[in-house]
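# Examining the three-dimensional arrangement
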Amino acid sequence: MAESFVEADREEEEAPSLHKTAHEMSIDGDEPPPRYILLTSLFSPPPEQLHKLRSTLSSWGCFQGMVFQIHTLTRYGNVAKQFFSLPVEEKKKYSRAEKDGEGHGGDLIVSHKQVLDWSDRLALKVLPEDQRRLNLWPESPAHFREITHEYSLKVKCVLDILFKAIAKSLNLEEDSFLNQFGQRAQLIARFNFYPPCPRPEQVLGLKPHSDKSGVTVLLQDKEVEGLHVLKDDQWFRVPIVPHALVVNVGDQMQIMTNGIIKSPVHRAVTNPEKLRISVAVSNEPEPEKEIGPEEGLIDEKRPRLYRNVKNYAAVNFECFQKGEVAIETVKV
Ligand SMILES: O=C(O)CCC(=O)C(=O)O
Ligand SMILES: [Fe+2]
């Protein structure tokens, strides 16, 4: 069941294998669902694994996988939680300037009609290293910088493995996507903080969106659920799988794969009692590099769906201001 890694909102629609333990699945001879896949097995994946990766990403556009040692992931989550629990005055040292994408704060406000997200976030460019704006990198908690540095390098390795595996699953040269992103591709970390909300049904922690990135690797809160993915007009809860990362395809991979793999719309909801934290790390191509559908994925049966585009992050921001859906505007 390649697609059973997220739980349907409604009880009766839950995929049956989610009710089983690993032992029960083993007795029944079931294939491990994608939420059990070790990302490291994508190093030299067998054909079945590639097939599964492709079918999961073209139907859901996301999956959960385990990759890091447990204590490593716990450290990353904890440091984010510690930052958000600092006194307001301390966090203000890292405030985002009005029109800046980096720093700590709420939504970037582009119109007075805009509905705002019930969340604060800290956004930092973490790679290339020489583009870091260290004045926005918290000095407290003590190991924030060191841990964020370490985590960015690890996520970069995961992404490299993943992009090669996706390319192979589509019968492309393994470096096809990595070449499009370029040697100096960027990595952006977003530390999301969703405080408890007394009226969770009236707000969203994060409004429905698709990521503008190539791919986003998300470390979910280890105790509080909140991420939902839209598929076939229905919202699915993404369950917490301890010590796993959520891999979420962004718009730029949908463009590069000529629409074969999907950038899913997702949202985050809030909780009346509990705060929630997540850490999203996304990659972006070098801003001056044009990206577009791989030639090997264009043919008579699947004509080119998207034009080539440079600095999609800027296109996305412009669309956000106008209330347009960015990926629609780059269709041919
Ligand atoms: O907090 C989450 O689970 C989702 C975060 C997210 O979608 C994002 O940062 O783009
Ligand atoms: Fe997102």
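Up top is the structure.
No experiment lies behind these values; they were computed from the predicted model shown.

Two residues of an α-helix separated by three or four positions point the same way, owing to the 3.6 residues in each turn. For helix H8 (residues 312–322), the set of buried residues is Tyr 312, Val 315 and Cys 319. Projected down its long axis, H8 carries its buried residues within an arc of 55°, all on one side. Those residues of H8 that are buried are in contact with helix H7 (251–256), strand S14 (309–310) and helix H9 (326–329). Once H8 finishes, Gly 323 follows within two positions and takes phi at roughly 75°, a positive value.

A few words now on the coordination of the iron ion (ligand 2). Summarising the metal site, the iron ion (ligand 2) is bound by the protein donors His 209 (NE2), Asp 211 (OD) and His 266 (NE2), whose distances to it range over 2.1 Å. Spacing between the donor residues of the iron ion (ligand 2) along their common chain follows H-x1-D-x54-H. Of this pair, Asp 211 sits in the loop between strand S6 (206–209) and strand S7 (215–220) while His 266 sits in strand S11 (residues 266–268), placing them 55 residues apart in sequence. Pair check on accessibility: Asp 211 and His 266 agree, each one buried.

Enumeration according to the criterion identifies nine aromatic pairs in this entry. Between the aromatic rings of Phe 83 and Phe 144, the centroid separation amounts to 6.1 Å while the plane-to-plane angle is 50°, which identifies the pairing as tilted. Taken together, the positions of Phe 83 in helix H3 (residues 70–84) and Phe 144 in helix H5 (residues 144–169) put the pair 61 residues apart, joining distant regions of the chain. Here Phe 83 matches Phe 144 in class, with each residue buried.

Moving on to the packing of helix H2 (residues 47–59) against H5. Running from amino to carboxyl end, H2 crosses H5 at an angle of 95°, the nearest separation of the two axes being 9 Å. Taken together, the axes of H2 and H5 lie roughly perpendicular to each other. Listed contacts from H5 to Leu 50, Leu 53, Arg 54 and Leu 57 of H2 are Leu 162, Ala 165, Ile 166, Lys 168 and Ser 169. Here the contact of H2 with H5 is built from residues that sort into six nonpolar, one polar and two charged.

Conventions and cut-offs
- Residues numbered from 1 in each chain as written.
- Chains lettered and ligands numbered in written order.
- Predicted model: local features only at pLDDT ≥ 70, side-chain atom pairs only at ≥ 80, totals over all residues.
- Heavy atoms only, no water.
- Buried < 20%, exposed > 50% of the residue type's maximum accessible area, 1.4 Å probe, protein only.
- Helix = DSSP H or I, 4+ residues; strand = E, 2+ residues; numbered from the N terminus.
- Arc of directions from axis to C-beta.
- Contact = heavy atoms within 4.5 Å.
- Donors = N, O, S within 2.8 Å, 3.2 Å for Na, K, Ca; no water.
- Phe/Tyr/Trp six-rings, centres within 6.5 Å; stacked < 30°, edge-to-face > 60°.
- Axes fitted to C-alpha atoms, helices over the stretch in contact; angles between N-to-C directions.
- Parallel < 35°, antiparallel > 145°, perpendicular 65-115°, else oblique.
- Nonpolar A, V, L, I, M, F, W, Y, C, P; charged D, E, K, R; others polar.

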